[in-house]
Amino acid sequence: MRILGIDPGTKTMDLCILEKGEIAGEASIETKDVASNPEVVLEKMLELKPFDVIVVPSGYGVEPMDLEVVPRELLEDWYYTFILATTREEILESIEKGIPGANIYYAMVRLVEKLYGLKAKKLLIPGVINLPTIPLHRKLNKIDMGTADKLAVTVLGIHEVAETLGVEYQDVSYIHVELGFGYNAVIGVEKGLIVDGIGGSLMPGPGFLTAGALDLEVAQSIGKLDKKYVFTTGCGPLTDALTPEDLVEKSGTDWRSRECLEAFLEGVVKAVHQVSYSVKNPELILLSGRVSRIPELRTQLEKRLKDISEVRSMKGLPNAVRVKETAQGYALVGDGLSGGVFSKLISQVKVDKASGSALDYILIPGFKETGLGKNYLRLREVGFKTQPLNISWWSS
């Protein structure tokens, strides 16, 4: 059985094939190229054939399901709603305004439409908030506790830490820090279970593209928060830095870059301290993602986090040359959900027991009156096996 994991990263879209638990093929495509021509992904997929299962880009995450349980005529609206947490209208409006990140969302929808009819099982996977191991009270009015790619890389991390320490999966307690091109996340693992998570739009400080958590008074003062603010308010856009490496270099002479970089680092450190409330004695802090490989930032995080635990860089699966750890995680989760080599790990983490959507925990009644909220209420029964918290909450 060959599993193809597709990770739609902000900088690159990575494709990873696993066969018998080992990497059997990989490819990496610039996301900007995918945005202009989604067909390039299909071309790369053909080069990696054969594959039996495709783990589809899953955004904010849903309970494990086959993509084709969603009727073809509803797929576009459904995917915008539950995977991207936005609407078609909002993305098209952002494209008209020339916002690059909107093109990525649009390309993901077009890609998934092309994947729909392929002769392979097509899996959607959860995000952190969908897991039953996260206490309900931690989910209230949250969406992003860690997107599907962050969950996937953390599951891979549990495997790596278990092998590194020579322990069983159920004995792994550690904190995962994923620093991507656009978004950061900190995920807590206690005794082999994911118990807490702070996703990119919840982080105490900015990522490279996203602002992280916003003061409600800031949100109110802006007047209207469009989807574009999710991916246009981080250190890169605020300082005109083109890459995280550029931001680090500019921080030596430009005061804006210096202050934003400090906010970035301090936000990560605060998030790790916050998650350490849920993971009392982490054996390790594991760093992954493109930004974590910048020497200056890695050194700073090692220095600032040493009072919590030893900090190490993630290695990923053996023989990986091109693809990020998140893509490896996507394929690993697909393997485990399909009864493969990693099925024991998936069962331990309870990924197979994940339920609902990331929007199920929005309790503010005004959500029902938004375009996204109306689509949510209209489409929530499509594909899902469970009832959402918020609808029950509002009717009580």
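What counts, and at which threshold
- Residues numbered from 1 in each chain as written.
- Predicted model: local features only at pLDDT ≥ 70, side-chain atom pairs only at ≥ 80, totals over all residues.
- Heavy atoms only, no water.
- Helix = DSSP H or I, 4+ residues; strand = E, 2+ residues; numbered from the N terminus.
- Rg over C-alpha atoms; globule rule 2.2 N^0.38 Å.
- Buried < 20%, exposed > 50% of the residue type's maximum accessible area, 1.4 Å probe, protein only.
- Contact = heavy atoms within 4.5 Å.
- Areas by Shrake-Rupley, 256 points an atom, 1.4 Å probe, with all protein chains shown as cover.
- Lys, Arg positive; Asp, Glu negative; His and termini not counted.
- Charge placed at Lys NZ, Arg CZ, Asp CG, Glu CD.
- Pairing = 2+ DSSP bridges.
- Axes fitted to C-alpha atoms, helices over the stretch in contact; angles between N-to-C directions.
- Expected span 1.5 Å × (residues − 1).
- Salt bridge = Lys/Arg side-chain N within 4 Å of Asp/Glu carboxyl O.
- Arc of directions from axis to C-beta.
- Parallel < 35°, antiparallel > 145°, perpendicular 65-115°, else oblique.
- Left-handed = near helix turned anticlockwise from the far one by under 90°.
- Nonpolar A, V, L, I, M, F, W, Y, C, P; charged D, E, K, R; others polar.
- Core = buried A, V, L, I, M, F, W, Y, C linked by side-chain atoms within 4.5 Å.
- Polar contact = N/O pair within 3.5 Å; in protein donor to acceptor, adjacent residues only side chain to side chain.

*Asks:* Just checking my understanding: could you explain the overall build of the chain for this structure?
*Replies:* In terms of regular secondary structure, the chain is built from 15 helices and eleven strands. Relative to the 2.2 N^0.38 estimate, which gives 21 Å for 396 residues, the radius of gyration of the chain is 20 Å and therefore close to what a compact globule would have. Each principal axis of the C-alpha atoms in the chain carries an extent, and together these give about 50 × 50 × 45 Å. Residue burial in the chain is summarised as follows: out of 396 residues, 59% are buried. A separation of at least 24 residues holds for 69% of the contacts in the chain among residues at least 6 apart in sequence. Element-wise, carbon and sulfur atoms account for 51% of the exposed surface of the chain, whose accessible area totals about 16500 Å². Taking the average place of the 45 positive charges on the side chains of the chain and the average place of its 53 negative ones, the gap between the two points comes to 1 Å.

*Asks:* I keep staring at the sheet that holds strand β7 (residues 174-179) and nothing clicks. Help me out?
*Replies:* The strands that make up a sheet pair up through hydrogen bonds in the backbone, lying either parallel or antiparallel. Across the sheet, which stays open at both edges, the five strands sit in the order β9-β8-β7-β10-β11 with mixed pairing between neighbours. Edge positions in the sheet fall to β9 (193-198) and β11 (310-313), since each has one partner strand and no second. Averaged over neighbouring strand pairs, the angle between their axes works out to 20° when direction is ignored. With six bridges connecting them, β7 and strand β8 (residues 184-190) associate as antiparallel partners. Paired with His 176 across the bridge in β8 is Ile 187. Packed on one face of the sheet, helix α6 (residues 148-165) meets β7, β8, β9, β10 (284-288) and β11 and runs near 135° to β7.

*Asks:* Help me understand helix α12 (residues 325-337) in this model?
*Replies:* Think of an α-helix as 3.6 residues a turn; residues three or four steps apart then line up on the same face. Between its first and last C-alpha atoms α12 spans 18 Å; for 13 residues at 1.5 Å apiece the expected length is 18 Å, and the two agree. α12 sits mainly inside the fold: twelve of its 13 residues count as buried. All of the buried residues in α12 are Glu 325, Thr 326, Ala 327, Gln 328, Gly 329, Tyr 330, Ala 331, Leu 332, Val 333, Gly 334, Asp 335 and Gly 336. Positioned one or two residues after α12, Gly 339 has a phi angle of 80°, which is positive.

*Asks:* For this particular structure, what's the right way to read the pattern of salt bridges?
*Replies:* Should the charged atoms of two oppositely charged side chains come close, the side chains can pair. Scanning the entire structure with this criterion turns up 25 salt bridges. The closest approach of N and O atoms between Lys 122 and Glu 68, which form a salt bridge, is 2.9 Å. Of this pair, Lys 122 sits in strand β6 (residues 121-124) while Glu 68 sits in the loop between β5 (65-66) and α3 (75-83), and the two are 54 residues apart along the sequence. On the basis of relative accessibility, which here comes to 40%, the residue Glu 68 falls in the partly exposed class. Ionic pairing is found between Glu 113 and Arg 110, a salt bridge with its closest N-O pair at 2.8 Å. One end of the pair, Glu 113, and the other, Arg 110, are both in helix α5 (residues 100-115), three residues apart, so they sit about a helical turn from each other. You can call Glu 113 buried: its relative accessible area is 18%. One network of salt bridges, in which partners are shared, links Glu 76, Arg 88, Arg 110 and Glu 113.

*Asks:* Please clarify how helix α11 (residues 295-305) should be interpreted in this entry.
*Replies:* Along α11, the residues classified as buried are Leu 297, Leu 301 and Leu 305. Angularly, the buried residues of α11 cover 45° about the axis, an arc narrow enough to put them on a single face. Elements in contact with the buried residues of α11: β7, α9 (244-250), α10 (255-275), β10 and β11.

*Asks:* Looking at this structure, how should I read the sheet that holds strand β1 (residues 2-8)?
*Replies:* With mixed pairing, six strands are arranged side by side in an open sheet as β3-β2-β1-β4-β6-β5. Looking at strand neighbours, the two that pair on one side only are β3 (22-30) and β5, the edges of this open sheet. In terms of strand pairing, strand β4 (residues 53-55) meets β6 through three bridges, oriented parallel. Residue Ile 54 lies in a different strand from β6, and its bridge partner there is Lys 122. Of the strands in this sheet, β1, β2 (12-19), β3 and β4 are in contact with helix α2 (residues 39-48), which crosses β3 at around 160°.

*Asks:* It is not clear to me how the packing of α3 against helix α14 (residues 371-379) should be interpreted in this structure. Could you clarify?
*Replies:* In a pair of packed helices, the angle between the axes and the distance between the axes together describe the arrangement. Where α3 meets α14, the closest approach of the two axes is 10 Å, and the angle between their N-to-C directions is 115°. For the element pair α3 / α14, the angle class is roughly perpendicular. Considering how the two elements wind past one another, α3 and α14 form a crossing that is left-handed. Contacts between α3 and α14 involve Asp 77, Trp 78, Thr 81 and Phe 82 on the former and, on the latter, Leu 372, Asn 375, Tyr 376, Arg 378 and Leu 379. Across the contact of α3 with α14, the residue classes break down as five nonpolar, two polar and two charged.

*Asks:* It is not clear to me how the nonpolar core should be interpreted in this structure. Could you clarify?
*Replies:* Here is a general trend for soluble globular proteins: nonpolar side chains tend to be buried in one another's company. Of all hydrophobic cores here, the largest spans 103 residues; its most connected members are Leu 15, Met 45, Trp 78, Val 155 and Ile 194. The contacts of Leu 15, once residues within four sequence positions are left out, are Leu 4, Gly 5, Ile 6, Gly 25, Glu 26, Ala 27, Ile 29, Val 41, Lys 44, Met 45, Leu 48 and Val 323.

*Asks:* Help me understand the environment of Glu 63 in this model?
*Replies:* Summarising the element assignment, Glu 63 is placed in the loop between β4 and β5. When the C-alpha positions of Glu 63 and Glu 369 are compared, they lie 25 Å apart, and in sequence the two are 306 residues distant. Among residues more than four places away in sequence, those in contact with Glu 63 are Leu 124, Ala 354, Ser 355, Gly 356, Gly 383, Phe 384, Lys 385 and Thr 386. Side-chain polar atoms of Glu 63 contact the backbone nitrogen of Lys 385, separated by 2.9 Å. In terms of polar contacts, Glu 63 uses its side chain to reach the side chain of Thr 386, at 3.1 Å.

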